Amino acid sequence: MSKTPIITKSPIIARSGPALRRTLDPFRRARQTIALVPTMGALHAGHLELVRQARRRARRVVVSIFVNPLQFAATEDLGTYPRDLDGDLALADGCGVAHVFAPTVAEMYPEPLLTTVSVADITARFEGASRPEHFAGVATVVAKLFAIAGPCRAYFGEKDFQQLAMVRRMVADLSMPVEVVGCPIVRDHDGLALSSRNVYLSEAQRAAAPVLHRSLLAAAELAAGEADVHVVRGALADGVAAEREAVLDYADLVDAATLQPATSVVPGTQRLLVAARFGTTRLLDNLAV
Ligand code: PAF
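Residues numbered from 1 in each chain as written. Predicted model: local features only at pLDDT ≥ 70, side-chain atom pairs only at ≥ 80, totals over all residues. Heavy atoms only, no water.

(A) Summary view of the side chain of H47. Considering the arrangement of structural elements, one finds H47 in helix 2 (residues 45-57). For H47, a relative accessible area of 13% gives the class buried. Discounting chain neighbours no more than four positions away, the residues touching H47 are T39, G41, A42 and S196. (Helix = DSSP H or I, 4+ residues; strand = E, 2+ residues; numbered from the N terminus. Buried < 20%, exposed > 50% of the residue type's maximum accessible area, 1.4 Å probe, protein only. Contact = heavy atoms within 4.5 Å.)

(B) The arrangement of the nonpolar core in detail. Counting residues in hydrophobic clusters, the biggest one holds 45 residues, and the most contacted among them are F146 and M170. In terms of residue count, the dominant contributor to this core is helix 6 (residues 134-149) (10 residues). Those residues in contact with F146 that sit more than four places away from it in its chain are L36, A154, F156, V167, M170, V171, M176 and V178. Counting 27 residues, the second largest nonpolar core, distinct from the first, contains L192, A237, A246 and V289. (Core = buried A, V, L, I, M, F, W, Y, C linked by side-chain atoms within 4.5 Å.)

(C) Representation of unusual backbone geometry within the structure. Cis geometry is found at the peptide bond from E111 to P112, where omega equals -10°. Structurally, P112 can be placed in the loop between helix 4 (105-108) and helix 5 (127-130). Phi is positive for F126, close to 50°, though the residue is something other than glycine. Tracing the sequence through the fold places F126 in the loop between helix 4 and helix 5. Even without a glycine there, the phi angle at S175 is positive, about 50°. Relative to the elements of secondary structure, S175 occurs in the loop between helix 7 (161-173) and strand 6 (178-183). Under the relative-accessibility criterion, S175 is labelled exposed at 63%.

Function cannot be inferred from these measures alone, as they are strictly geometric.
Okay, here's the thing in structure tokens:
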């Protein structure tokens, strides 16, 4: 006879995969839907919105907090990436998260790590071009999180649109028992997409950063009436390049599922993607067309 799950108020913290599985087992046996919100911590309103979306369709929400070393290049900000487990736990508690999974690096990656996951093609351009090992690091940790959490709905923000497309493809290709749910970008009052890295921006860079969203809106408006994909791309790139604080990395119109660059404008199926550097901070944004 299965025991009735105990409903607790504050999150149950699991530090290892087996511990998380043990705490989820009774709820799974009681046929409660499990939702997983993978994060690297430094929770902000964007993450909390993922939790809110998850809570609408699942009784048990698990937030994973793990700064994944595999997705950072040696030159990137792994050492300084914002970490605040106590603050994150308080925020998770405040929005009804039932479980927090906060493993150590040694727990996630027993040495030597011989198995990794990579998704071809979708990851080749854009973020993949400037961060060659990034997506294999993300795919590996997300595959592990899915294996640990078991069948679930998993919530990802659309801000990292290429990551979302890659995760969807990985789940389909590897027949993972996970329903991937993409959630709209949460923006600040001036349109800047929320990101844990926004804290790195100087005052001048922060003031300039909404240029990404403004340029996306202008390009999307052009796309609504303009069939020439080069004009749309050019408008997006020029809009960002006109801002002195921004150094454009890429600006493109792509198929929303395959991320292949578009050859013509096909409204309803495409995404504008943009990335730019503000000082040493790279910011990404995107918009549906
Ligand atoms: O989007 C993120 O925060 C990370 O890439 C993820 C999905 C939690 C994997 O580490």
